[in-house]
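Breakdown of the fold
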Amino acid sequence: MNYYFITGSSKGLGKALTELLLQNENNFVFGYARSSSITHHRYYHKHIDFASLEAVQKIKFPELKDAKKVVLINNAGIVGEIKHVGNLSNQKIVDCYTINLIVPSMLSNEFVKTYQKTNAEKLVLNISSGASQSAIDGWSVYCATKAGLDMFSRVLQEESNINKINIKVLSIAPGIIDTEMQQQIRSTDSQNFSNINRFVEYKKNGDLASAEDTAKKIIRFINEPNLSKNVVCSVRDLTK
Ligand SMILES: NC(=O)c1ccc[n+]([C@@H]2O[C@H](COP(=O)([O-])OP(=O)(O)OC[C@H]3O[C@@H](n4cnc5c(N)ncnc54)[C@H](OP(=O)(O)O)[C@@H]3O)[C@@H](O)[C@H]2O)c1
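About the criteria used
Residues numbered from 1 in each chain as written. Predicted model: local features only at pLDDT ≥ 70, side-chain atom pairs only at ≥ 80, totals over all residues. Heavy atoms only, no water. 1 Å grid on protein atoms, 1.4 Å probe; cavity = no way out; pocket = protein on both sides within 12 Å on 5 of 7 lines; lining within 4 Å. Points joined across faces, edges and corners; volume = space filled by probe spheres on them. Helix = DSSP H or I, 4+ residues; strand = E, 2+ residues; numbered from the N terminus. Nonpolar A, V, L, I, M, F, W, Y, C, P; charged D, E, K, R; others polar. Near = heavy atom within 4 Å. Polar contact = N/O pair within 3.5 Å; in protein donor to acceptor, adjacent residues only side chain to side chain. Areas by Shrake-Rupley, 256 points an atom, 1.4 Å probe, with all protein chains shown as cover. Phe/Tyr/Trp six-rings, centres within 6.5 Å; stacked < 30°, edge-to-face > 60°. Buried < 20%, exposed > 50% of the residue type's maximum accessible area, 1.4 Å probe, protein only. Pairing = 2+ DSSP bridges. Right-handed = clockwise from strand over helix to strand, strands pointing away. Salt bridge = Lys/Arg side-chain N within 4 Å of Asp/Glu carboxyl O.

**Side note on empty space enclosed by the protein**
Evaluation of the coordinates by the stated rule reveals one cavity of 30 Å³ or more. Taken as a whole, the largest cavity spans an internal volume of roughly 60 Å³. Around the largest cavity, the lining is made up of 13 residues, and of these Val79, Gly80, Glu81, Leu88 and Val141 lie nearest the centre. Those elements giving two or more residues to the lining of the largest cavity turn out to be α3 (90–115) and α4 (140–163). Grouping the constituent residues of the lining of the largest cavity by class yields seven nonpolar, four polar and two charged.

**Remarks on the site of the ligand**
In the region of the ligand, 31 residues are neighbours, and Ser35, Asn75, Tyr142, Thr179 and Gln182 sit closest. Taking lysine 146, its side chain carries an N or O atom lying 2.9 Å from an oxygen atom of the ligand. Relative to its unbound accessible area of 890 Å², the ligand is 95% covered by the protein chains. If one sorts the elements of the shell around the ligand by residue count, helix α5 (residues 180–186) sits on top with three residues. Split into classes, the residues belonging to the shell around the ligand amount to 14 nonpolar, twelve polar and five charged.

**Remarks on the packing of aromatic side chains**
Tallied over the full model, the rule gives 15 aromatic pairs. Measuring from centroid to centroid gives 5.2 Å for phenylalanine 111 and tyrosine 115, while their planes differ by 70°, and the two rings are edge-to-face. Within this pair, phenylalanine 111 and its partner tyrosine 115 are both found in helix α3, separated by four residues, close to a single helical turn. Grouping residues by exposure puts phenylalanine 111 and tyrosine 115 together as buried. Aromatic pair tryptophan 139 and tyrosine 142: ring centres 5.6 Å apart, planes at 85°, arrangement edge-to-face. Residue classification places tyrosine 142 among the buried residues on the basis of a relative accessible area of 6%. Following the ring pairs from residue to residue traces out a cluster consisting of Tyr3, Phe5, Phe28, Phe30, Tyr44, Phe61, Phe111 and Tyr115.

**Considerations on the environment of leucine 21**
Positionally, leucine 21 belongs in helix α1 (residues 12–22). On the accessibility criterion, leucine 21 (4% relative accessible area) is buried. In this structure, the C-alpha to C-alpha distance between leucine 21 and alanine 215, residues 194 residues apart in sequence, is 9.4 Å.

**Re the pairing of strand β5 (residues 121–127)**
Successive residues of a regular strand alternate their side chains across the two faces of the sheet. Counted residue by residue, β5 has six buried out of seven residues, so it is predominantly covered. The sheet contact formed by strand β4 (residues 69–74) and β5 spans six bridges and is parallel. Residue pairing in the sheet places valine 71 in a bridge with leucine 123 of β5. With α3 bridging β4 and the parallel β5, this β-α-β connection has right-handed handedness. Sheet analysis places β5 next to strand β6 (residues 167–173), joined by six bridges and oriented parallel. Counted as the bridge partner of leucine 123 is lysine 168 from β6. Each parallel crossover has a hand, and the one from β5 via α4 to β6 is right-handed.

**A word on the pattern of salt bridges**
Opposite charge on two side chains permits them to pair, given that their charged atoms come into close proximity. The full count for this structure, using the stated rule, is eight salt bridges. Put simply, glutamate 110 and lysine 113 hold a salt bridge, and the shortest N to O gap is 3.6 Å. Of this pair, glutamate 110 and lysine 113 both sit in helix α3, three residues apart, which is roughly one turn of that helix. Residue lysine 113 is classed as exposed on the basis of its relative accessible area, which comes to 51%. In this structure, the salt-bridge partner of glutamate 201 is lysine 204, at a minimum N-O distance of 3.6 Å.

This is the structure we're talking about:
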């Protein structure tokens, strides 16, 4: 059996990934989010609020004797409060770093601890963003969390190589996707986010990818782990 642990499996990209993976009868998915929207005999949902680190610390990964492949997909993420620095709420800063960077780091730690000695194929796939590489006004914390996630992923791959534990790590920017996150971005105002019109135009011009199409591309990276030589990569790197 192939086992997938997917955060943010209730909506958007995480839900599309889960639904596609469940089409293969050799796959079992453990999903994590505050709400659940999938019922399937090969799906187990853990209701959790990632803003609560107390709850996150209790997450343990099961012993999986028949595992051929174990995959952690750190997908849950929030854009956070879209405002310039100076106008941010401190609690919202904490929540965004927690959900986007601290939780994936903690889950990766637990995943490595649990599975490093198993012979199964092992993959940690972090959903990053183009924002990890671009300074976008109004998104300071979001950009910082994704840049941090990219570097965390690079170090984890380095350590896996040194320790010969055979874990493949990817930090993938998924492109722009038609999800609730984009709705939130479009509902901001230009005072807090000078690029707002660009994002309104993306939607109007049909430039947003569907979650399903993006999930298909992400699954190619899972099934062909050598598709990207670089840990930090993008679905836009796919040429065919
Ligand atoms: N959409 C884009 O254009 C875009 C572009 C680049 C990168 N990304 C990245 O892609 C990933 C998925 O984004 P998306 O667009 O699919 O977003 P989305 O539709 O807003 O879905 C976010 C998912 O994260 C979960 N989540 C959010 N806060 C949570 C919390 N406190 N505790 C537990 N789960 C929580 C949500 O579940 P509940 O609400 O049920 O808890 C939901 O399942 C994110 O990492 C995002 O940064 C998206």
